[in-house]
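Chain and residue survey
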Amino acid sequence: MSREPRPRGAPLIPQARGGRAQLAVYLLLALCAGALLLAAPPLVPTARSLTFHFATLQIGALLKGACYLAEEIFHLDSRHHGSFWRALSTCFPLRWHGATLLVCGLAYVALLGDGQPLGLHLILASLCQLLILALGLQKPSAVEMSEMSERSKQNVAHGLAWSYYVGYLKIVLPRMKKSMEEFSRANPNLLVCRKTWKLHILVPLNCDVCDELDKADSNIQYVTDLTETTLARAGTKKRVYKHSLYAIRDEENQLWHCAVEYATPLQSLYAMSQDECAAFSREERLEQAKLFYRTLEEILKGSKECADAYRLIAYEEPEEAETHFLSREIVWHLRQEHCEEIAVPEGSHSHTPSTTLDSAELSLQISVSDLPQPLRTDGF
């Protein structure tokens, strides 16, 4: 059976960045080297200029490290466990810059022949690099900041996604099928499609989470609660985990039943964007919500115990308010699950999350404002 078009609210979730930027570096490097060979300049002056420019870059890196060290020496105990050498190594990656600067300096001295003293060259190089630092011309772009945060897994969204998984989903999802089966035995006419026997997790990218679904959309009605799970958790005796079953009415007045709830960490993102202390803009909130969805999807895909027990429903609210937008969004996914049960032979359990989008549709919009501060655990 052919797949229906995605609903209007289905968002474009960014994929992880590839290595195209590094490939572009290699390509431009090859082009520059080719242009230099075609120009065929004199060998000695060219080598002198090349080593001097390279040494200048290394001098800039060392001066930048010295400026950072001037601050870090006041935080030796709180950030570096009282070790000056640890602070020094965090400010100066000596295994690269020190050795490179030494090689460039020796090469330049060997090729020196323009009549100007070496000291003057070093002073001018240092002056230029310090001016660049003072003017802030070497600050990383928004794309670089975003990529560094994503690669190091230290974004706000990464922490929220892992906390949500470890502290909640990893506990409740393995028991989801059993709870649905128990309810189905008592109510055989409500949960006919076994593919819908999972927890449907709503991920609104505007992070607007409503505490009561039936107030968010009148076509969504509370039915009952599924079997509770009671565990001792973090010092709390008999902590209760439970899910609510809802009836969703479609355009043809047909009722669809499923367990559905919002991803609660989105409330934290929304609260941060409303609190001045968090310095968290709406654009940053949107980027973090997308990254939260992608991270959570990756985590759940790698979890065997949670397989086929969830369905992520990410969506963007339309600009113009629609009374039954949310119910239509949920019904669309329930219909897709019904189609999957018809298409997949009985006994096959391959799991492909419905919210995986075509690569051609994926895009990432980078906020030009300051990106959220990374979550660090190493004391910095």
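See above for the structure.
First, a word on scope: everything that follows refers to the structure included in this document. (Residues numbered from 1 in each chain as written. Predicted model: local features only at pLDDT ≥ 70, side-chain atom pairs only at ≥ 80, totals over all residues. Heavy atoms only, no water.)

**Structural notes on the overall build of the chain**
Using the following cut-off: Labels follow the DSSP assignment, with helices taken as runs of H or I lasting at least four residues and strands as runs of E lasting at least two, numbered in each case from the N terminus. Exposure classes here rest on a 1.4 Å probe applied to the protein chains alone. A residue is buried below 20% of its type maximum, exposed above 50%, and partly exposed in between. Note on contacts: a residue pair is in contact if any heavy atoms of the two residues lie within 4.5 Å. All accessibility values rest on the Shrake-Rupley procedure with a 1.4 Å probe; residue burial counts only the protein chains present in the view.
When helices and strands are counted, the chain shows 13 helices and 7 strands. In the chain, which comprises 380 residues, the share counted as buried stands at 36%. Across the chain, the fraction of contacts at a sequence separation of at least 24, relative to all contacts at a separation of at least 6, is 73%. Only carbon and sulfur atoms are counted for the fraction: they give 59% of the accessible area of the chain, which is about 22500 Å².

**What about the nonpolar core?**
Formally: Think of a nonpolar core as a cluster: buried Ala, Val, Leu, Ile, Met, Phe, Trp, Tyr and Cys residues, connected wherever their side-chain atoms sit within 4.5 Å.
Counting residues in each nonpolar core, the largest one holds 59 residues, and the members touching the most others are Leu169 and Phe292. Considering every element that reaches this core, the biggest residue donor is helix α8 (residues 156–172), with 10 residues. Beyond its immediate stretch of four places on either side in the chain, Leu169 contacts Tyr164, Pro174, Leu199, Ile201, Leu296, Leu300 and Cys306. Formed by 6 residues, the second largest nonpolar core is a distinct cluster that contains Leu76, Ala87, Cys91 and Phe92.

**Focus on the packing of helix α11 (residues 265–274) against helix α12 (residues 282–301)**
What counts, and what does not: Note on geometry: axes are C-alpha line fits, over the in-contact stretch for helices, and angles between N-to-C directions span 0 to 180 degrees. Comment on the angle field: the value is read as roughly parallel under 35 degrees, roughly antiparallel over 145, roughly perpendicular from 65 to 115, and oblique elsewhere. Crossing handedness is defined as follows: a turn of the near helix away from the far one that is anticlockwise and smaller than a right angle gives a left-handed crossing, while the clockwise case is right-handed. Under the scheme applied here, ten amino acids are nonpolar (Ala, Val, Leu, Ile, Met, Phe, Trp, Tyr, Cys and Pro), four are charged (Asp, Glu, Lys and Arg), and all others, including Gly, are polar.
It is at 10 Å that the axes of α11 and α12 come closest, and there the two elements cross at 165 degrees. Here α11 lies roughly antiparallel to α12, going by the angle between them. When the axes of α11 and α12 are compared, the crossing they make is right-handed. Seen from α11, the contacting residues are Pro265, Leu266, Leu269, Tyr270, Ser273 and Gln274; seen from α12, they are Arg285, Gln288, Ala289 and Phe292. Here the contact of α11 with α12 is built from residues that sort into 6 nonpolar, 3 polar and 1 charged.

**Brief notes about the pattern of salt bridges**
How we decide: Any Lys or Arg side-chain nitrogen found within 4 Å of a carboxyl oxygen on Asp or Glu counts as a salt bridge.
Under the counting rule described, the total for this entry stands at 11 salt bridges. The partner of Glu181 in a salt bridge is Arg185, with the nearest N and O atoms 3.7 Å apart. One end of the pair is Glu181 and the other is Arg185, both in helix α9 (residues 176–186) and 4 residues apart, which spans about a single turn. Overall, Glu181 belongs to the partly exposed group, its relative accessible area being 36%. Exposure remark for Arg185: the relative accessible area of 59% places this residue in the exposed category. Here Glu298 ties to Arg294 by a salt bridge, and the two come within 3.8 Å at their closest N and O atoms. Taken together, the residues span about one helical turn, with Glu298 and Arg294 both in helix α12 at a distance of 4 residues. Of the residues examined, Glu298 reaches a relative accessible area of 41% and is grouped as partly exposed.

**What to know about helix α2 (residues 43–72)**
Note the following rule: The span expected for a helix works out to 1.5 Å for each residue beyond the first.
End to end, α2 covers 43 Å across 30 residues, agreeing with the expected 44 Å (1.5 Å per residue, within 8%). When we look at burial in α2, the residues that qualify are Arg48, Thr51, Ala55, Thr56, Gln58, Ile59, Gly60, Gly65, Leu69 and Glu72.

**Quick word on the packing of aromatic side chains**
Selection rule: Only centres within 6.5 Å qualify two rings of Phe, Tyr or Trp (six-membered ring in Trp) as a pair; their planes then separate them into stacked at under 30 degrees, edge-to-face at over 60, and tilted for everything else.
Counting across every chain of the model gives 7 aromatic pairs. For the ring pair Tyr164 and Phe292, a centre distance of 6.2 Å and an interplane angle of 40 degrees mean the geometry is tilted. In this pair, Tyr164 is assigned in helix α8 and Phe292 in helix α12, connecting sequence segments 128 residues apart. Taken individually, Tyr164 and Phe292 each receive the classification buried, so the pair is uniform in this respect. Ring geometry for Tyr168 and Tyr241: centres 6.3 Å apart, planes at 35 degrees, overall tilted.

**Here's the deal with the environment of Met272**
If you trace the backbone, Met272 turns up in helix α11. Met272 sits in the partly exposed class, given a relative accessible area of 25%. Between the C-alpha atoms of Met272 and Arg285, which are 13 residues apart in sequence, the distance is 8.3 Å. Excluding its chain neighbours within four sequence positions, the residues that come into contact with Met272 are Val156, Ala278 and Phe280.

**Section: a nonpolar patch on the surface**
Defined as follows: Patches here: salt-bridge-free residues with over 30% relative accessible area, like charges joined within 9 Å, nonpolar side chains (Val, Leu, Ile, Met, Phe, Trp, Tyr) joined within 5 Å.
On the surface, Leu23, Val25, Tyr26 and Leu29 cluster together to form a nonpolar patch covering roughly 440 Å² of accessible area. Turning to its location among the elements, Leu29 is positioned in helix α1 (residues 20–39). Taking relative accessible area as the criterion, Leu29 reaches 56% and is therefore assigned exposed.

**Examining the sheet that holds strand β5 (residues 244–249)**
Threshold: At least two bridges found by DSSP between two strands is the condition for calling them paired.
Judged by pairing direction, the sheet is mixed, and its 5 strands sit side by side in the order β2-β5-β6-β1-β7 without closing on themselves. The sheet is open, and its two edges are formed by β2 (220–225) and β7 (310–315), each paired on a single side. For this sheet the average axis-to-axis angle between neighbouring strands, irrespective of direction, equals 40 degrees. Summarising the sheet, strand β1 (residues 199–204) and strand β6 (residues 255–262) pair through 4 bridges and their orientation is parallel. The partner of Leu202 across the bridge, within β6, is Tyr262.

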